[in-house]
Amino acid sequence: MLVFAFDRDWTVDVNPHPSRQAVPLGWVRELAHETEHAVYAIGNQDLAEEAAIPGVVDIVGMHPDDWDRWLGGKRPDGYYERFPERRERLALIEDLHPEADGYIVVDDLDLSDAAGWNHYHAWDFVPAAERGEIHPELPFVREPTTDGGYPTSAGIIPADAEHLDTWLKEQTGTPAYEIEYTDDGEERVDLCRDISVIRKTMSRAVEPVFRCQPAAPDEESFTVGITDIQQVSAVKPPTEAFLPATDDPAERAATLADLAADNPFSVEVSQVLALLDREDDTPQEAALAALRQVAAVRPRDCTPALPILRSLLAEGCTAPVDALAVLESIGGTDAADIAPLVEVITPYLTDDDDDVRRQAAGCMTKIATADPTDAVGAVSALATLLEDRVATHHAAHTLSVVAEADPTAVKPAVPALADAVTDESLDTGTRLSATAALGRVANHDPTIALDLVNEVAALLGADDPKLRNNATGLLWEISRLHADRVEPHLDTVAELLSADDNLTRVNASAVLARAAEDLPETARGHVAEVRPLLNDEHHLVRRNACWALGYLADEEALDVLRTVTVEDEDEEVRERAQWAVSRIEGVA
């Protein structure tokens, strides 16, 4: 007996991966109810109901003495106080079946480190199950039917052209096809890297025709009419089937690059790495081009390339754009995989080639998003990117992420960030990130933005609400210690007290509250705009209004403030209203 644990999302076809094969829900049900195997739902618990299999609560229920440890009581929202983590769920299942012949977990998360369990992604599990590799007696095992002797995961005897066309579109990730057809009465079988319908023939006036690209690189494409096609099978031949009969590394690398461009699922990563791990760099450029194509759709398969890429980048490779693109693809799946390479990536941020710099900046964004401290050493180079107007979006975003974790580290980039904020030719996203980075540094040290007040204030009228909000927030950071610097712009700030977006009103009311404390005579001119804020929908706006009215000793607001002390739903607002009432009454 085997034990199966299935995730749901991006695993089972009720919510499949957008570009990968999923496990049919019918398989899960059949395994659970028509075989001797044990089946559990360990991810999204909707699968427990959809497949009528035990879920996490059921699993814990089979360990009654540990209920409180794993779940506890139910909260009012229907959820439990605690919930075991993925690997803990697997351990609980294993405890229930200590004599099982094997344990299989199918999940889009990488659970290969779960002791005792064999982990599959759905797109690996389905073909493995069909080939009998999971268990030879599973109901889904298919007998290979191709004359070429290659393992097959699916096949079709097409009823018509539309039937075959639809089936081909569903075979995402198929390395190759074997087509059985007749040619002038002679039966033929050919291995193809791609088969596709010629669209203009999909009409009733002519017979639909399919174009077939042979696997061998030296063979020309050919066409076959739908009535001559007997069967098409999705197969997985070795990469050697696509390569020329030559030992020349450069020729093999060029062929792999072409193959990867046509069908990156046909390429075995090990074949590419063998061409990269050579003292002779002749095949390096083409091999990196192939690896880039593969990494774009199979990033996890390319992680074994990381040590070689580190060496190539450190020594100066022939195609750094492609090498860095591979790293960015891998980092998009798990940035922790490429974080150890940050020292060899950083120098490429100041490369002479702007395309190289852009690609390096993309890698740095991935790294910083996962762990900002890993990118601290690149701050100076990122600032240079902003100054040179290269990869500005990546540079500004990465600096804003780093500034949130370590604002002091980003101080050297303040001039470049300030210049980006005021450059109207830059896209809004870049300027948003630049203002966010400045705001985070200013939160730590407001003095860094003192000379930027007028430039930042000019953004208060920006059309983009996020940019306007960031500018208002930066003025608030400045006003915390230097309210006098924002005094000339209070009229513009006051206009934003009625802005549609909450955060702009929060920041604008905070600036007015600071001005009311340090510059009451100037701020008093806006008291009429502040009073209505006591009824604002956002509690921070109401709180700031209490601060401002208290500092301004506004007697006209006393009655409303007294009501707020009793009726406002937010405790902090009630407390601040009471403070304001006491202050106004004390002044009066």
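Nothing here was measured: the structure is a model prediction, and the numbers come from that model.

What counts, and at which threshold
- Residues numbered from 1 in each chain as written.
- Predicted model: local features only at pLDDT ≥ 70, side-chain atom pairs only at ≥ 80, totals over all residues.
- Heavy atoms only, no water.
- Helix = DSSP H or I, 4+ residues; strand = E, 2+ residues; numbered from the N terminus.
- Buried < 20%, exposed > 50% of the residue type's maximum accessible area, 1.4 Å probe, protein only.
- Contact = heavy atoms within 4.5 Å.
- Lys, Arg positive; Asp, Glu negative; His and termini not counted.
- Charge placed at Lys NZ, Arg CZ, Asp CG, Glu CD.
- Core = buried A, V, L, I, M, F, W, Y, C linked by side-chain atoms within 4.5 Å.
- Salt bridge = Lys/Arg side-chain N within 4 Å of Asp/Glu carboxyl O.
- Pairing = 2+ DSSP bridges.
- Arc of directions from axis to C-beta.
- Axes fitted to C-alpha atoms, helices over the stretch in contact; angles between N-to-C directions.
- Parallel < 35°, antiparallel > 145°, perpendicular 65-115°, else oblique.
- Left-handed = near helix turned anticlockwise from the far one by under 90°.
- Nonpolar A, V, L, I, M, F, W, Y, C, P; charged D, E, K, R; others polar.
- Phe/Tyr/Trp six-rings, centres within 6.5 Å; stacked < 30°, edge-to-face > 60°.
- Lys NZ or Arg CZ within 6 Å of the ring centre and 35° of its normal.

Undergrad: Could you clarify how one ought to interpret the overall build of the chain in this entry?
TA: Helix and strand content of the chain: 28 helices and ten strands. Here the C-alpha coordinates of the chain stretch approximately 105 × 65 × 55 Å along the principal axes. Taken over 588 residues, the chain has a buried fraction of 53%. In the chain, once contacts between residues fewer than 6 apart in sequence are set aside, the share between residues at least 24 apart is 59%. Averaging the positions of the 47 positive and the 112 negative side-chain charges in the chain gives two centres separated by 6 Å.

Undergrad: How should the nonpolar core be read in this particular structure?
TA: Side chains that are nonpolar tend, in soluble globular proteins, to be buried together. Counting 132 residues, the largest nonpolar core has Leu327, Ile345 and Leu561 as the members making the most contacts within it. The contact partners of Leu561, leaving out residues within four places of it in the chain, are Leu534, Cys546, Leu549, Ala577, Ala580, Val581 and Ile584.

Undergrad: When you look at the environment of Glu529 in this model, what are you seeing that I'm missing?
TA: Mapped onto the elements of the fold, Glu529 is located in helix H25 (residues 527-530). Separated by 232 residues in sequence, Glu529 and Val297 place their C-alpha atoms 55 Å apart. Leave out the neighbours within four places in its chain, and Glu529 touches Ala494 and Leu497.

Undergrad: Explanation requested: the pattern of salt bridges in the structure shown.
TA: Any two side chains of opposite charge can pair, given that their charged atoms come close. Taken as a whole and assessed by the stated rule, the structure comprises 33 salt bridges. A salt bridge links Asp322 to Arg292; the nearest nitrogen and oxygen atoms lie 2.8 Å apart. Of this pair, Asp322 sits in helix H12 (residues 320-333) while Arg292 is found in helix H10 (residues 284-297), placing the two residues 30 residues apart along the sequence. On the basis of relative accessible area, Arg292 is assigned to the partly exposed category, the value being 32%. What you see here is one network of salt bridges that share partners, running through Asp7, Arg86 and Asp107.

Undergrad: Would you take a moment to explain the pairing of strand S1 (residues 2-6) for this structure?
TA: Side-chain positions along a regular strand alternate between the two faces of the sheet. Most of S1 is tucked away, with five of its five residues classed as buried. Burial along S1 is two-sided: the face carrying Leu2, Phe4 and Phe6 and the face carrying Val3 and Ala5 are both buried. Bridge count for S1 against strand S3 (residues 102-106) is five bridges, and the pairing is parallel. Looking at S3, one finds that Phe4 is bridged to Ile104.

Undergrad: Could you clarify how one ought to interpret unusual backbone geometry in this entry?
TA: Even without a glycine there, the phi angle at Asp184 is positive, about 55°. Within the fold, Asp184 resides in the loop between strand S6 (176-183) and strand S7 (186-197). What makes Asp184 exposed here is its relative accessible area of 82%. Its identity as a non-glycine residue notwithstanding, Arg389 has a phi of 55°, on the positive side. With respect to the helices and strands, the residue Arg389 is situated in the loop between helix H15 (379-388) and helix H16 (392-405).

Undergrad: How should helix H1 (residues 25-34) be read in this particular structure?
TA: Because an α-helix completes one turn every 3.6 residues, residues spaced three or four positions apart along the sequence face the same direction. Among the residues making up H1, those that are buried are Leu25, Trp27, Val28 and Leu31. Projected down its long axis, H1 shows its buried positions confined to an angular sector of 165°, all on one face. The elements touched by buried residues of H1 are S1, strand S2 (38-41), helix H2 (46-51) and helix H6 (122-130).

Undergrad: Teacher, can you tell me more about the sheet that holds S1 here?
TA: Sheets are built from strands paired through backbone hydrogen bonds, the pairs being either parallel or antiparallel. The sheet built from four strands is open, its strands ordered S2-S1-S3-S4 with parallel pairing. Edge positions in the sheet fall to S2 and strand S4 (118-120), since each has one partner strand and no second. Ignoring strand direction, the axes of neighbouring strands in this sheet form an average angle of 20°. In the packing of helix H5 (residues 86-96) onto the sheet, contacts are made with S1, S2 and S3, and the angle to S1 comes to roughly 155°.

Undergrad: In this structure, what is going on with the packing of H10 against H12? I would like to understand it.
TA: When two helices pack together, their arrangement is given by the angle between the helix axes and by the axis-to-axis distance. Running from N to C, H10 and H12 point in directions that differ by 20°, and their axes come no closer than 8 Å. The pairing of H10 with H12 is recorded here as roughly parallel in orientation. Where H10 crosses over H12, the handedness of that crossing is left-handed. Residues Glu285, Leu288, Ala289, Leu291, Arg292, Ala295 and Ala296 of H10 pack against Val321, Asp322, Ala323, Ala325, Val326 and Ser329 of H12. Looking at side-chain class alone, the contact of H10 with H12 contains nine nonpolar, one polar and three charged residues.

Undergrad: What is the right way to read the packing of aromatic side chains from this model?
TA: Aromatic rings considered in pairs are described by the distance between their centres and by the relative angle of their planes. In this structure the tally under the stated criterion is eleven aromatic pairs. A centroid spacing of 4.9 Å and a plane angle of 50° characterise the contact between Trp547 and Trp579, whose relative ring orientation is tilted. With Trp547 in helix H26 (residues 539-551) and Trp579 in helix H28 (residues 571-587), the pair connects residues that are 32 residues apart, well separated along the chain. Judged by relative accessible area, Trp579 falls into the partly exposed class, the value being 24%. Members of the aromatic cluster, each reached through a chain of ring pairs, are Phe4, Phe6, Tyr120 and Phe125. When the ring centre of Trp547 is taken as reference, the NZ or CZ atom of Arg576 above it lies at 4.0 Å.

These values are about where atoms sit, not about what they do.
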